Amino acid sequence: MIDVALVSVIRRWHLREGVSIREVARRTGLSRNTVRKYLSNPGLEPSYPVRKSPSKLDDYEELLTNWLFQESRRHRKQRRTVKRLYRDLVVLGYTGSYDRVAAFARQWREAQQEAKLQASKRTYVPLEFAPGEAFQFDWSEEWQPINGVRTKLQVAHFKLSYSRAPYLRAYLTQTHEMLFDAHYHAFSAFGGIPERGIYDNMKTAVDKVGRGKQRQVNKRFYAMVSHYLYDAEFCNPAAGWEKGQVEKAVRDARQGLWYDAPTFKSLQELNHWLHNRCIELWQETAHPEFKVRSLAECLEDERAQMMPVPAAFDGFIETNKRVTSTCLISHEHNRYSVPASFANRNVSLRVYPERLVIVAEAQVVAEHVRVFSRDKQGPGKTIYDWRHYLSVVQRKPGSLRNGAPFSQLPESFKRLQTILLRRPGGDREMADILALVLLHDEHLLERAISEALAIGEPSKAHVLNCLSRLEQPQRPQPLRTPPALKLVTEPLADTARYDQLRRARHEI
């Protein structure tokens with residue numbers, strides 16, 4: 001195959017210098033037919049075969065093609081990135097560069113897109129935001145080991161549209177109370193509230209999607225928006241590009257921040273790490289448009305345009321519950337105790353992200369740490385507070401022996417119970433001691449029981465005696481008389497003077 005330069009020489013020899021075709025063929029070593037072909041068609045250019053250079057990826061092309069096809073069939077949020085595919089190839093023995101793998105994946109995806117998409121669907125309008133104008137929000141689903149258990153997390157993602165500062169907070173569900181809590185923590189971290197927020201049509205915010213921009217907004221979500229004084233805008237259905245910044249942040253976090261995340265003992269520890277890691281990223285990451293400035297520097301400019309953060313929105317979800325005869329209410333497959341005085345009555349349950357508050361007669365009557373159960377097939381968990389059953393024990397002291405709530409008594413209480421239940425009437429005596437919690441400080445009562453146990457003969461009388469001594473206020477120290485007020489002649493205590501006064505009176 002000849003090149004373009006040789007064609008130019010052939011044409012110059014024959015057409016300008018008058019060299020015959022036979023002589024041109026002799027000089028170039030080409031056949032006369034080939035020379036005639038390029039002389040008769042001036043627009044004909046030499047064609048070249050597709051060059052196939054040997055590559056270290058040749059042995060893995062079929063495997064990589066299968067991987068790319070499998071990933072394209074998955075949900076977009078769960079697809080492996082090219083970097084992950086490259087790492088997996090390295091594990092299998094690939095010794096080439098990442099750039100070669102990325103180029104192969106890019107060519108494969110372009111070929112797939114050309115076959116499926118039209119050019120009109122791949123064109124977008126670039127967006128521009130002013131400082132403090134907007135933030136974007138989205139949920140993502142991640143898996144992370146917590147306390148040794150692989151746990152599915154629902155992660156709230158925020159991103160300021162101007163400074164591009166991201167913020168993440170993890171939860172176990174995507175319910176209203178989690179959404180409200182995430183907004184407060186994000187606004188507090190950003191140091192202000194932008195003028196509007198951009199969301200997709202999530203169920204916790206939109207009850208019904210109408211035509212165009214018409215939305216039936218959820219009342220609780222609208223109450224939060226009204227509390228923080230910003231406008232909520234919702235994207236068109238299947239138009240994620242309208243909040244493309246946070247969509248990209250979700251993908252970047254999945255393959256960056258989450259990929260090298262350490263293990264955590266609790267969800268609180270994970271969120272503390274996420275908070276600190278986001279602040280570090282603000283300092284380390286350069287702004288994609290203002291290359292010489294970091295996200296933190298741009299965020300400082302944006303804070304001046306944002307509204308100060310007010311007190312947190314009381315974002316609980318309230319439901320009505322019926323208390324059972326065993327003083328329990330059910331929530332999310334778990335049971336929580338309620339004071340016995342509200343048994344067989346209706347109470348109000350306020351659900352927060354990390355706690356449950358039980359309200360009755362316009363007062364808070366109980367509060368529990370919220371428990372999440374992933375296994376819906378089992379019986380669930382029961383969370384007791386033994387103090388809620390004290391009035392029942394006063395009427396039925398025998399229930400102390402096998403009462404499930406009283407398995408959570410402090411250790412000193414259990415030791416005293418073991419001794420008293422061996423005596424006749426010991427269950428009644430133990431019930432009276434437990435009832436002291438309602439009138440006295442529980443820590444002082446626990447110290448009094450420990451002192452009574454140390455004596456060797458614990459009883460109700462001993463506990464009351466120790467408790468009264470612990471609650472007795474300390475006597476003030478005697479005053480030290482200043483030297484100027486001291487008597488020169490100290491009085492003497494002489495009781496014989498009283499006898500003298502008595503005798504003098506009888507003589508009179």
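Shown above is the structure to which this text applies.
Residues numbered from 1 in each chain as written. Predicted model: local features only at pLDDT ≥ 70, side-chain atom pairs only at ≥ 80, totals over all residues. Heavy atoms only, no water.

(A) Just the pattern of salt bridges, in detail. Inspection of every chain in the model, using the stated rule, returns 21 salt bridges. The salt bridge partner of Arg 370 is Glu 177, with a shortest N-O separation of 2.8 Å. Taken together, the residues span a long stretch of sequence, with Arg 370 in the loop between strand E13 (363-369) and strand E14 (382-383) and Glu 177 in helix H7 (residues 176-190) at a distance of 193 residues. Looking at Glu 177, the relative accessible area reads 4%, which means it is buried. When the shortest N-O distance is used, the salt bridge between Glu 284 and Arg 277 registers 3.6 Å. (Salt bridge = Lys/Arg side-chain N within 4 Å of Asp/Glu carboxyl O. Helix = DSSP H or I, 4+ residues; strand = E, 2+ residues; numbered from the N terminus. Buried < 20%, exposed > 50% of the residue type's maximum accessible area, 1.4 Å probe, protein only.)

(B) The side chain of Asp 427, seen in detail. Within the secondary structure, Asp 427 is located in helix H14 (residues 426-435). Comment: no salt bridge for buried Asp 427; closest opposite-charge side chain is Arg 401, at 4.8 Å. In this structure, Asp 427 is in contact with Pro 397, Gly 398, Leu 400 and Leu 421, ignoring residues within four places of it in sequence. (Lys, Arg positive; Asp, Glu negative; His and termini not counted. Contact = heavy atoms within 4.5 Å.)

(C) Focus on the side chain of Arg 169. Tracing the backbone through its elements, the reader meets Arg 169 in strand E3 (residues 166-171). With near-sequence residues (within four places) excluded, Arg 169 lies in contact with Gln 154, Val 155, Ala 156, Asp 181, Ala 182, His 185, Asn 271, Leu 274 and Glu 354.

(D) Quick peek at the packing of aromatic side chains. Per the stated rule, a full pass over the model turns up 24 aromatic pairs. Seen from their ring centres, Phe 187 and Tyr 228 are 5.3 Å apart, and the 75° between their planes marks the pair as edge-to-face. Of this pair, Phe 187 sits in helix H7 while Tyr 228 sits in helix H8 (residues 219-228); the two residues are 41 residues apart in sequence, bridging distant segments of the chain. A centroid spacing of 5.7 Å and a plane angle of 50° characterise the contact between Phe 316 and Tyr 352, whose relative ring orientation is tilted. Taken together, the positions of Phe 316 in the loop between helix H11 (295-303) and strand E8 (317-322) and Tyr 352 in the loop between strand E11 (346-351) and strand E12 (355-360) put the pair 36 residues apart, joining distant regions of the chain. The residues Phe 316 and Tyr 352 share a single accessibility class, namely buried. Put simply, the rings of Phe 135, Phe 137, Trp 139, Phe 158, Tyr 171, Phe 187, Tyr 199, Phe 221, Tyr 228, Tyr 230 and Phe 234 pair up and form one aromatic cluster. Directly above the aromatic system of Trp 13 lies the positively charged group of Arg 27, at a separation of 4.9 Å from the ring centroid. The aromatic ring of Tyr 352 is capped on one face by Arg 355, whose charged end is 4.1 Å from the ring centroid. (Phe/Tyr/Trp six-rings, centres within 6.5 Å; stacked < 30°, edge-to-face > 60°. Lys NZ or Arg CZ within 6 Å of the ring centre and 35° of its normal.)

(E) Structural view of the sheet that holds strand E9 (residues 328-331). Ordered by their spatial adjacency, 3 strands build an open sheet running E9-E10-E14, and the pairing between neighbours is mixed. What marks the edges here is a single partner per strand, and that holds for E9 and E14. As paired elements, E9 and strand E10 (residues 334-337) share 4 bridges and run antiparallel to each other. Its bridge partner lying in E10, Ser 330 is registered against Arg 335. (Pairing = 2+ DSSP bridges.)

(F) Examining unusual backbone geometry more closely. Positive phi, close to 55°, is recorded for Asn 147, a residue that is not glycine. Residues other than glycine seldom take positive phi values, yet Ala 362 does so here, at roughly 65°. Topologically, Ala 362 is positioned in the loop between E12 and E13.

(G) A look at the pairing of E13. In the sheet, E12 pairs with E13 via 6 bridges, with the strands oriented antiparallel. Of the residues in E13, the one forming a bridge with Ile 358 is Ala 366. Here E12 folds back onto E13 in antiparallel fashion, the turn holding 2 residues, of which Glu 361 has a positive phi close to 55°.

(H) View of the environment of Glu 23. Following the sequence through the fold, Glu 23 ends up in helix H2 (residues 21-28). Taking the relative accessible area as the measure of exposure, Glu 23 reaches 23% and is therefore partly exposed. With 34 residues separating them along the chain, Glu 23 and Leu 57 place their C-alpha atoms 47 Å apart. Within the structure, Glu 23 has its side chain in polar contact with the side chain of Arg 26 (distance 2.3 Å). (Polar contact = N/O pair within 3.5 Å; in protein donor to acceptor, adjacent residues only side chain to side chain.)

(I) The arrangement of the pairing of strand E1 (residues 134-146) in detail. Most of E1 sits inside the fold, with 10 of its 13 residues counted as buried. Sheet topology places E1 next to strand E4 (residues 196-199); 3 bridges connect them, and they run parallel. Across the sheet, the residue bridging to Gln 136 is Ile 198, located in E4. Note: E1 against strand E2 (residues 149-160), 12 bridges, orientation antiparallel. Considered in E2, the bridge of Phe 137 is made with Phe 158. Between E1 and E2, which pair antiparallel one after the other, the connecting turn spans 2 residues, and Asn 147 there sits at a positive phi close to 55°.

Geometric values such as these leave the question of function open.
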